Amino acid sequence: MSNASMWTGRVCLAWTAAVLFSISTSSAMAAVSFTDNFTGSLNPALQIPNDPSGHPTYVMDNGTIHRVGNNDTRYYVSTVASDFNDCDFVATLTYNTTTSLGNDWSRFLFFGIGSAERATYYTEPATSLYFYVNLSSSISVNVDYRAGAGSTVGARQLTGFGTAPLGTSGVFQIEKSGDDITFSWDRDGDGTFDVSQTITDFSTKFPQLDDTNSRLFFGTGWSINTFSSFDVRVPEPATMSLLALSGLALVHRRRR
Ligand SMILES: [Ca+2]
Ligand SMILES: [Ca+2]
């Protein structure tokens with residue numbers, strides 16, 4: 001290796017280090033990969049809202065997380081990062097249902113991308129695109145979109161997911177790839193998704209979702225339905241830039 005190419009290599013290394021440093025320092029609130037199995041303390045990528053008296057609305061219990069209390073309104077556990085509209089991701093949520101329904105609040109689960117705030121309409125998810133899971137006589141699933149906090153009924157986007165018996169556990173997945181977003185359901189929790197549906201042109205169809213309100217969230221009204229794991233995968237920006245820079249360095253070297 002000549003002195004010139006060694007020098008070039010050192011410059012590339014210094015540049016790579018500078019880029020990586022700037023990524024790691026500027027992404028404190030940006031979307032990151034994490035898994036929470038709800039044992040120990042809550043993953044710092046997630047947050048639990050408090051009720052009006054200042055008490056947490058969810059509690060972890062024996063490897064699950066569930067709503068506190070049995071006679072209250074819906075709240076949503078959400079990511080701290082709010083820019084999931086801007087990146088690719090795969091988010092999976094494992095849930096457990098019961099056959100003993102409580103009051104009306106227990107009949108629904110929600111999982112989606114959006115503000116994680118509560119709309120004026122029965123505290124359903126505000127400003128978001130989400131699985132709307134009805135647990136009244138069986139588990140039935142649709143995907144709705146609510147454009148704002150004051151919108152009364154979320155506009156139905158996807159139907160035809162089918163049903164599963166109450167009392168079973170399963171997995172919901174939301175995958176965003178470019179401008180496509182795919183909703184999948186593993187109805188029987190056997191590790192294979194039974195149905196998947198894709199919405200194209202995500203950014204055009206859901207203009208209210210931006211990088212200040214695009215959290216991943218899930219929630220329900222009563223404590224009898226629980227969630228046992230939440231996994232979020234996003235491409236690693238540092239790895240991607242390192243690969244890109246290695247490619248550049250290689251091209252640079254070949255030209256000499
Ligand atoms: Ca768990
Ligand atoms: Ca399955």
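What you are looking at is a predicted structure, and each value in this text was computed from that prediction instead of being measured.

Trainee: Explain the environment of cysteine 87 to me, using residue names and the numbers behind them.
Mentor: Tracing the chain through its elements places cysteine 87 in the loop between strand 5 (75–79) and strand 6 (89–96). Residues cysteine 87 and serine 177, 90 residues apart in the sequence, show an inter-C-alpha distance of 7.9 Å. Discounting residues that sit within four places of it in the chain, cysteine 87 has contacts with Ala31 and Val234.

Trainee: Explain the pairing of strand 12 (residues 169–177) residue by residue, including any values.
Mentor: Inspection of the sheet shows strand 6 paired to strand 12 by eight bridges, in the antiparallel sense. From the neighbouring strand, phenylalanine 89 faces strand 12, where its bridge partner is lysine 176. By the bridge criterion, seven bridges tie strand 12 to strand 13 (residues 180–186) in an arrangement that is antiparallel. In the sheet register, glutamine 173 faces strand 13, and the bridge partner there is serine 184. Counted along the chain from strand 12 to the antiparallel partner strand 13, the turn is two residues long, and its residue glycine 178 has a positive phi close to 60°.

Trainee: So what's going on with the pairing of strand 5? Which residues, and what values?
Mentor: On a regular strand, each side chain points to the face opposite its neighbour's, so the side chains alternate between the two faces of the sheet. Summarising burial for strand 5: five of the five residues are buried, a large majority. The sheet contact formed by strand 2 (residues 46–47) and strand 5 spans two bridges and is antiparallel. Across the sheet, glutamine 47 pairs through a bridge with serine 78, a residue of strand 5. Bridge count for strand 5 against strand 15 (residues 215–220) is four bridges, and the pairing is antiparallel. The residue bridging tyrosine 75 from the neighbouring strand is threonine 220, located in strand 15.

Rules behind the numbers
Residues numbered from 1 in each chain as written. Chains lettered and ligands numbered in written order. Predicted model: local features only at pLDDT ≥ 70, side-chain atom pairs only at ≥ 80, totals over all residues. Helix = DSSP H or I, 4+ residues; strand = E, 2+ residues; numbered from the N terminus. Contact = placed C-beta atoms within 7 Å. Pairing = 2+ DSSP bridges. Buried ≥ 20, exposed ≤ 12 C-beta atoms within 10 Å, placed from the backbone.

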